[in-house]
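The chain contents come next:
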Amino acid sequence: MTPDEATRIRVRWPDGSSSDVPAGTTAGVALRGWNPEKARTALAALLEGQAVDLARPLTRDGALAPLAFSDPAGREVLQHSAAHVVAKAITELVPSALPTVGPPTEEGFYYDFEMRPLTAEDLQQIEVRIRETVQRKEKFERVEVSKDEANRLFRSNPHKLRYISEVPEGEPVSIYRTGSFTDLCRGPHVPDAGWLQGLHILGFSAIAPEASEPGSTFQRIRGVAFPTRAELDAYLKQRAEAEARDHRVLGPRLELFAFSEEIPGFPFWHPKGMIVVRQLEAFVREHLAEAGYSEIRTPLLFPRTVYETSGHWEHYRENMFLTTVEDREFGIKPMNCPGAMLTFRTRSRSYRELPMRLAEFAPLHRLEASGTIHGLTRAREFVQDDAHLFVSEDQIPAEIQTLFDWIKRAMGTFRLEWTCELSTRPEKFMGTIEAWDRAEATLKTVLDASGAAYKVSPGEGAFYGPKIDIHIRDSLGRSWQCGTIQLDFQIPTRFGLQYQGADGALHTPVVIHRVILGSWERFFGVLLEHCAGWLPPWLAPVQVRVLPVTERQIPRVNELVQTWRGAGLRVEFTDSQDTLSKRIREAEVSHIPYIVVVGDQEVAAQTVALRTHGQKGQRSLPPDDFVALVRAKVAAREYDP
RNA sequence: GCCGCGGUGGCUCAGUCGGUAGAGCGGCUCCUUGGUAAGGAGCAGGUCGAGGGUUCGAUUCCCUCCCGCGGCUCCA
C-alpha cells in the first residue's frame, strides 16, 4: 500500500556511521545490514536510546544500536521474556491462575500470580512446558490494541484491568503473544523463545496478598535466564560455590558460633568466634579513641515508662521482649537510645560538652518475626557498635562527614563493597513534618558533598528520624544493612534534654544515632561469606598451626609455640599421630592462614618451613622473621596473609 | 507471622512399598614416625525432631507442635 517504501530514512549507528534504509525496515534487518556480527548477538535494539523489539519497523530517522545480553538493559529484556514463558507454562497448567506482574530483578526475574499454592509436582510440569516452548522457539509478537480491546482481552483478570486503567487515555496498549499466551506488556522482548536456552526456575513462594484482596493467595515464581545452557551452567556453578560459603554452615564448621534449637535466633559465640568479636571491638574502639568518644554501660532492661518517653512503647512494642515483675512492666532494650538519653540527662549540660559522643556495645533483643531469622545476619539478640552523638545543629555536618570517612576506611579494611541509601519520613513517624524536612535536607547536603553515589528510599526512615544506611552483600548477593547514621530531632525533646548555650539560654541537642559495622553478628556473618571463611590474619582465631614432621621435633615445636604465644601470635600445634599430609589438610580445612612445618632439616638449620594460604608452595625462614612477618600483617590489618 | 519444602549417629547422606536401621567423614583405641590437602585396623555412637492417632505392630501412614531451608513482609 505504501508510498513510504519509496521513502528512505537515515539510521545513525553507534560507530558514528549512518545508512539509508527504506522506511518500514525492521530494526533487526537494519542491524544486520550494518554489522552482521553484532546483529547476531543482539536480542533487541536501542532506538533513540529506547529498548525496542528487533521486529520494530523503523519509521523515521534516528539512532539505532544493538542490545546484547551483556548490556544490563539487554539482560533485562531476556529476563522479562523468560518471565512470559514461565507465565505461559503456569497458565497452561493452572488455567485459573491470574498473572499480575513479572518484572526483571537484579538477579533474574519473577512473576506473581493470584492462584492456589504451587507444589513441587507443579514445578516439574512447569519445567516440561517451558522446555517445549523454548525448543519450539515460539515467537514473541507485539500487537497494539485500543484500551477497549485490551479491557475485553483481559476481562477475567482484575489485576491486568487495573494496569490497563493506568495507561494514559488515548495511548495504545501493547500486548505480547507467545503461542497461546497473551500478556499485557510494554516490551520489548527477544524475537523468540529460542533465546531462552538457559532458563532456570529458582523457586516459588507465597507472597503477601494485596491489601485490597484479603483472603486471596498469591504465588511468586522466581527464575533466571541466560541465552545459552553453558552460561546457565556457569551461573549455577558459581551459585553452588556461593552457597558453600554460607556463614551458617561455615560458622559451626570452623567452631566460631552456633545456634541451638532451644532458642532460635540467639547466637552462641564459641571460643574462636569470640576472638574475632574482640578483634572487631578493638578495631572500632581505636576509632572511638581517635574521634573523641566515651564508652558507657547502661541497663539492659527499662520499665515501660522509659519506652513511653522514647516512643518505643508506641512504635516498637510488638518487636520487644516484655516481662512483668512486681506488677511493673519491663522491656529488654531493643536499642541503646534510652540508656544514652538518661545518661545525658543525669545533670545539667553545657555547650562546651558538645559534641558528646557516647558509645555503648550492649546486647540488644528484638522479637523479629520467626520467619525472618537468618543466622547471624538476622538474629534476635545482637550487639551493635553503637553510639549516640549529642550535638548542636551546626555541628551535624562535620560529625556526619567524620563518620562517612570512617565508614569508607573501615569498609576498605575488609575489602567490602558497599552502597549507600538515604531513607526519608515513614508513614508512622514522630514529630513535625518541618523538623523532618530539615533533617532530611541536612543529610542530603552531606551526602551530596561527600560525592558518594546514593539512592533515596522514600518512607524508609526510622520513626524518629531520617537516616543514611550502608549496605553490604552476602555471598548470594543478598543485601544487608549494616552501618546507619540517623538524625534524631525527636527523642532529645521527648526526654527533655537540654544544654546551656554560650548565649546563656537552654537548647535541645540533636542526637545522631550511628553504627559503623552495624552489629558484630550481622557484619561478621557477611564478612565470613565475603572471605569464604578465610579471615584476614588479624581476625583469624588461629593464625598459625605448627606441625612436627615426627615426634623427634616435638620439643622444638613446644619451644617455638611458647615463644610465639609470648609474641602475641595465636598458635596451635598438632602432634605426630597422623601423617603430615593429613595434618596439612586438617589445617587447610580449618582455614588457618599460616602452616608451619618443623622437621629434622628445620631443627638443624634453625628455620621453619612456612606454607601461607593463597600462596603456592612453601618457603624456609628463620622463626624470628616469621614472627615479624605475621606481626606486621596483623598490625596493618592486612587482608591477605 | 504467612506460603512451600524438609528433619535418619557430631557432620554429609542411603534405607525401610508398615515388621524398631546402614555407609563415609569425624571421635576413641592400637599399629604406622611420615616432608606439604585424607596410611591401616578395630571400637563406640541413633527411643529415625517431639507429642498424639490409625494398626497386632509406626522411623515409615494421618494430625498437631518444634526446628531448619527458600521466598513474602520486616530489619542492624
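Before any of the text, the structure's been laid out above.
Read on for an overview of the structure.

Rules used throughout
- Residues numbered from 1 in each chain as written.
- Chains lettered and ligands numbered in written order.
- Predicted model: local features only at pLDDT ≥ 70, side-chain atom pairs only at ≥ 80, totals over all residues.
- Heavy atoms only, no water.
- Helix = DSSP H or I, 4+ residues; strand = E, 2+ residues; numbered from the N terminus.
- Buried < 20%, exposed > 50% of the residue type's maximum accessible area, 1.4 Å probe, protein only.
- Contact = heavy atoms within 4.5 Å.
- Pairing = 2+ DSSP bridges.
- Axes fitted to C-alpha atoms, helices over the stretch in contact; angles between N-to-C directions.
- Salt bridge = Lys/Arg side-chain N within 4 Å of Asp/Glu carboxyl O.
- Near = heavy atom within 4 Å.
- Polar contact = N/O pair within 3.5 Å; in protein donor to acceptor, adjacent residues only side chain to side chain.
- Nonpolar A, V, L, I, M, F, W, Y, C, P; charged D, E, K, R; others polar.
- Lys, Arg positive; Asp, Glu negative; His and termini not counted.
- Left-handed = near helix turned anticlockwise from the far one by under 90°.
- Core = buried A, V, L, I, M, F, W, Y, C linked by side-chain atoms within 4.5 Å.
- Parallel < 35°, antiparallel > 145°, perpendicular 65-115°, else oblique.

**Remarks on the overall build of chain A**
Scanning chain A for helices and strands turns up 20 helices and 34 strands. The principal-axis extents of the C-alpha atoms in chain A amount to approximately 95 × 75 × 50 Å. Considering chain A as a whole, with its 641 residues, one finds that 51% of them fall into the buried category. In chain A, the proportion of contacts linking residues at least 24 apart, taken out of those at least 6 apart, comes to 69%.

**Looking at the sheet that holds strand E30 (residues 544-548)**
The strand order across the open sheet built from five strands is E31-E30-E32-E33-E34, with neighbouring strands paired in mixed fashion. Single-partner strands in this sheet number two, and they are strand E31 (571-573) and strand E34 (619-621). Averaged over all adjacent pairs, the angle separating strand axes in this sheet is 30°, with direction ignored. Seen against the sheet, helix H18 (residues 580-589) touches E30, strand E32 (594-598) and strand E33 (608-612) and runs at an angle of roughly 175° to E30. Relative to the sheet, helix H20 (residues 623-635) contacts E30, E32, E33 and E34, its axis offset from that of E32 by approximately 175°.

**Some remarks on the pattern of salt bridges**
Counted by the stated rule, this structure contains 39 salt bridges. As a salt-bridge pair, Glu 286 and Arg 637 come within 2.9 Å of each other at their nearest N and O atoms. Of this pair, Glu 286 sits in helix H9 (residues 271-290) while Arg 637 is found in the segment after H20, placing the two residues 351 residues apart along the sequence. Judged by its relative accessible area of 41%, Glu 286 is partly exposed. Given the relative accessible area of 17%, Arg 637 is considered buried. A salt bridge links Asp 437 to Arg 425; its shortest N-O distance comes to 3.5 Å. Here Asp 437 is found in helix H14 (residues 433-450), whereas its partner Arg 425 is found in the loop between strand E23 (418-423) and H14, with twelve residues between them in sequence. Taking relative accessible area as the criterion, Asp 437 reaches 40% and is therefore assigned partly exposed.

**Things to note about unusual backbone geometry**
Note the cis peptide between Leu 354 and Pro 355, where omega equals -10°. Among the secondary structure elements, Pro 355 is positioned in the loop between strand E19 (349-350) and strand E20 (356-360). Positive phi, normally seen in glycine, also occurs at Asp 327, with a value near 65°. On the secondary structure map, Asp 327 appears in the loop between strand E17 (322-325) and strand E18 (328-332).

**Remarks on the protein's contact with RNA strand B**
Taken together, 53 residues sit near RNA strand B, with Ser 205, Ser 370, Arg 378, Gln 481 and Val 549 positioned nearest. Take the atoms of RNA strand B that sit within 4 Å of the protein: sugar and phosphate atoms are 49% of them. A distance of 3.0 Å separates a base oxygen of RNA strand B from a polar side-chain atom of Glu 551. Between Gln 601 and RNA strand B, the recorded distance is 3.1 Å, taken from a backbone N or O atom to a base oxygen. At the level of secondary structure, the elements contributing two or more residues to the surface near RNA strand B comprise strand E11 (198-207), strand E12 (218-226), strand E22 (381-391), strand E26 (479-488), strand E29 (510-519), H18, helix H19 (600-605) and E33. Considering each element in turn, the surface near RNA strand B owes the most residues, seven residues, to H18. Each residue belonging to the surface near RNA strand B can be placed in one class, and the counts come to 17 nonpolar, 18 polar and 18 charged.

**Re the side chain of Asp 53**
With respect to the secondary-structure elements, Asp 53 resides in the loop between strand E4 (50-52) and strand E5 (62-68). One buried charged residue, Asp 53, remains without a salt bridge, the closest side chain of opposite sign being Arg 142 at 4.4 Å. Among the polar contacts made by the side chain of Asp 53, one reaches the main-chain amide nitrogen of His 189 at a distance of 2.7 Å. Each residue touching Asp 53, except ones within four places of it in the same chain, is listed here: Ala 27, Arg 142, Tyr 176, Pro 188 and His 189.

**Focus on the packing of helix H17 (residues 554-566) against H20**
Here H17 crosses H20 at 35°, and the two axes come no closer than 11 Å. Crossing of H17 over H20 shows right-handed handedness. Here Arg 556, Leu 560 and Trp 564 of H17 lie close against H20, whose contacting residues are Pro 623, Phe 626 and Val 627. Considered class by class, the residues forming the contact of H17 with H20 number five nonpolar, no polar and one charged.

**Quick look at the sheet that holds E5**
Ordered in space as E2-E1-E5-E3-E4, the five strands form an open sheet in which the pairing is mixed. Looking along the sheet, the strands with just one partner apiece sit at the ends: strand E2 (18-22) and E4. Each strand axis lies, on average, 40° off the axis of its neighbour in the sheet, ignoring direction. In terms of strand pairing, strand E3 (residues 42-47) meets E5 through five bridges, oriented antiparallel. Bridge pairing in E5 links Leu 46 to Ala 65. Along the sheet face, helix H1 (residues 27-34) touches E3 and E5 and points at about 85° away from the line of E5. Across the sheet, helix H3 (residues 72-93) touches E3 and E5, and the angle it forms with E5 is around 65°.

**Overview of the nonpolar core**
Core analysis: the largest hydrophobic core is formed by 60 residues, its most contacted members being Leu 280, Phe 414 and Leu 517. For this core, the element with the highest residue contribution is helix H13 (residues 396-413), accounting for eight residues. Ignoring anything within four residues of it in the chain, the contact list for Leu 280 reads Phe 414, Leu 517, Trp 520, Phe 523, Phe 524, Trp 538 and Leu 539. By size, the runner-up hydrophobic cluster in this structure holds 41 residues, among which are Ile 90, Phe 113, Val 134 and Cys 185.

**Some words on the pairing of E5**
Regular strands have side chains that alternate between both faces of the sheet. Across the seven residues of E5, six count as buried, placing the element largely inside the fold. Examined bridge by bridge, strand E1 (residues 8-12) and E5 share two bridges and lie parallel to one another. For Val 11, the partnering residue across the bridge sits in E5 and is Gly 62.

**A short note on the environment of Ile 90**
Along the chain, the position of Ile 90 falls in helix H3. As a C-alpha pair, Ile 90 and Gly 566 span 476 residues in sequence and 66 Å in three-dimensional space.

**Brief notes about the packing of H9 against H13**
Running from N to C, H9 and H13 point in directions that differ by 155°, and their axes come no closer than 12 Å. In this view, H9 runs roughly antiparallel relative to H13, as classed from their interaxial angle. Helix-helix and strand crossings are classified by hand; for H9 and H13 the assignment is right-handed. Here Phe 283, Val 284, His 287 and Glu 290 of H9 come into contact with H13, specifically with Trp 406, Arg 409, Ala 410 and Thr 413. When its residues are assigned to classes, the contact of H9 with H13 shows four nonpolar, two polar and two charged.

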